[in-house]
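Close look at the chain arrangement
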Amino acid sequence: MKHLVTIGEALIDFIPQTKGVSLKDVETFKRVAGGAPANVAAAFSKLGGKSIMLSQVGNDAFGDYIIDSLNKANIETKHIKKNKNFDTSLAFVSLKEDGNRDFKFYRRTAADLNYNKNDIPENILENIGAIHFCSVDLVESPMKYAHIKLIEMAKKENLIISFDPNLRLPLWENHNDLKNTVNEFIKLSNIVKISDEELEFITGKNNIHDALPQLFNGSCDILIYTLGVNGAMIFNRNSYSSINGLKVNSIDTTGAGDSFIGSFLYSILSEDNLDLKNISLDNLTKYLEFSNIYAACTTTKLGGIDSMSSKDEIESFKKSLNLK
């Protein structure tokens, strides 16, 4: 089975101990390791694959905790740099009663944003099947150009390039810059995952079918469109299918989208289906159904990396919902 490389932010999420209150009213938090690319790598590894993370943390206690957490999730961390001149990124979160979130980020001296293209090992793509990234670290920074270099390397090796915009508007001073950047990187990607909450911002359309010509105007072969509790849809260039959502006791949606794409990439690489253009719609739908279950399970747990499940945990979860 080919391996996965993720690139981008690894950070500390401070999760509130009390739900249903605004961030200013949260008195106590629980520290958990997260960051979207790290969460994706954790889902992939906990299912039994091998994932490698490219990032940078501060030479501080938070950075040490992140690396320990990634190692515990079986993510290869030897290429994560530590830098004493910058700080590990932090995010403080408040949870609404339905498990949705508000964020406050501390990233003005972010170590991950100062990871640069020369930090990428030349042999990093040996035995790799796919790379994955998000938009948080695509702000104008050395890290943005590290992404571009890795994508160029992956294209030369004909690897799968996966992108989940995972929009975080408060991190961008100019929202048009975010929109333009996301659309630029969508064109470079083979698998794109977007949510119903992101569609109109990214494409200017509020109907997924109307947005398809724009989203497929580039390298995209597979589009995953998630609808939260209402399920998900999957598109290739010729057809699509949809699945219903699952009713679960959701306590925290942190990492749900990351777990969706991480488990989807695991399904593709575990079956060695690297030729995306020739994956049947039946197989794509099967992968989508698995990811829908995996993401639903994630929302029943707190945190990012810690909420990712093993195969055995997913089997137990399926049995609890009377699913086959």
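In this report, we go over the structure that sits alongside the text.

What counts, and where the lines are drawn
Residues numbered from 1 in each chain as written. Predicted model: local features only at pLDDT ≥ 70, side-chain atom pairs only at ≥ 80, totals over all residues. Heavy atoms only, no water. Helix = DSSP H or I, 4+ residues; strand = E, 2+ residues; numbered from the N terminus. Buried < 20%, exposed > 50% of the residue type's maximum accessible area, 1.4 Å probe, protein only. Contact = heavy atoms within 4.5 Å. Core = buried A, V, L, I, M, F, W, Y, C linked by side-chain atoms within 4.5 Å. Salt bridge = Lys/Arg side-chain N within 4 Å of Asp/Glu carboxyl O. Expected span 1.5 Å × (residues − 1). Pairing = 2+ DSSP bridges. Right-handed = clockwise from strand over helix to strand, strands pointing away. Axes fitted to C-alpha atoms, helices over the stretch in contact; angles between N-to-C directions. Left-handed = near helix turned anticlockwise from the far one by under 90°.

What to know about the side chain of Ser45
- Relative to the helices and strands, Ser45 is located in helix α1 (residues 36–46).
- Residue classification places Ser45 among the buried positions, given a relative accessible area of 5%.
- If sequence neighbours within four positions are ignored, Ser45 has contacts with Lys50, Ser51, Ala73, Asn74 and Ile75.

Considerations on the nonpolar core
- Judged by nonpolar contacts, the single largest core of 51 residues is most densely connected at Leu70, Ile191, Ile222, Ile224, Phe264 and Ile268.
- Elements supplying a minimum of two residues to this core: β2 (11–16), α1, α2 (61–72), β13 (222–226), β14 (232–235), α7 (256–270), α8 (281–298) and α9 (311–320).
- The dominant element in this core, judged by the number of residues it contributes, is α8, at eight residues.
- Grouped together as the second largest cluster of nonpolar side chains are 45 residues, Ala110, Leu150, Ala211 and Met233 included.

What to know about the pattern of salt bridges
- This structure, assessed with the given rule, holds 14 salt bridges.
- Here Asp64 ties to Lys82 by a salt bridge, and the two come within 2.3 Å at their closest N and O atoms. Taken as a pair, Asp64 in helix α2 and Lys82 in strand β7 (residues 81–83) lie far apart in primary sequence, 18 residues in all.
- Given the relative accessible area of 33%, Asp64 is considered partly exposed.
- Among the ionic pairs, Lys277 bridges to Asp221, the shortest N-O distance being 3.4 Å. Taken together, the residues span a long stretch of sequence, with Lys277 in the loop between α7 and α8 and Asp221 in the loop between α6 (208–215) and β13 at a distance of 56 residues.
- Through salt bridges with shared partners, a single ionic network connects Arg107, Asp112 and Asp137.

Topic: α2
- For α2, with twelve residues, the first-to-last C-alpha span of 16 Å sits near the 16 Å given by 1.5 Å per residue.
- Burial in α2 covers these residues: Gly63, Tyr65, Ile66, Ile67, Ser69 and Leu70.
- Phi turns positive, to about 70 degrees, at Asn74, one or two residues after α2.

Side note on the pairing of strand β12 (residues 191–195)
- By the criterion of burial, β12 is predominantly enclosed, with five of the five residues buried.
- Where strand β11 (residues 160–164) and β12 come together, two bridges link them in parallel fashion. Residue pairing for β12: Phe163 is matched across the bridge by Val192.
- Once the chain exits β11 it traverses helix α4 (residues 175–186) before rejoining the sheet at β12, and the crossover so formed is right-handed.

Points about the sheet that holds β11
- Strands sit in the order β6-β4-β1-β10-β11-β12-β13-β14-β15 across an open sheet of nine strands; the sheet is mixed. The open sheet has two edge strands with one neighbour each: β6 (75–76) and β15 (240–243).
- In the sheet, strand β4 (residues 51–54) pairs with β6 via two bridges, with the strands oriented parallel. Bridge pairing in β6 places Ser51 opposite Ile75.
- With respect to the sheet, α6 is in contact with β12, β13, β14 and β15, its orientation differing from that of β14 by roughly 40 degrees.

Some thoughts on the packing of α7 against α8
- In the contact formed by α7 and α8, the axes pass within 8 Å of each other and the chain directions differ by 145 degrees. The way α7 lies across α8 gives a crossing that is right-handed. Between α7, through Ala256, Ser259, Phe260, Ser263, Phe264, Ser267 and Ile268, and α8, the contact on the second element is made entirely by Leu284, Tyr287, Leu288, Phe290, Ser291, Asn292, Tyr294, Ala295 and Thr298.

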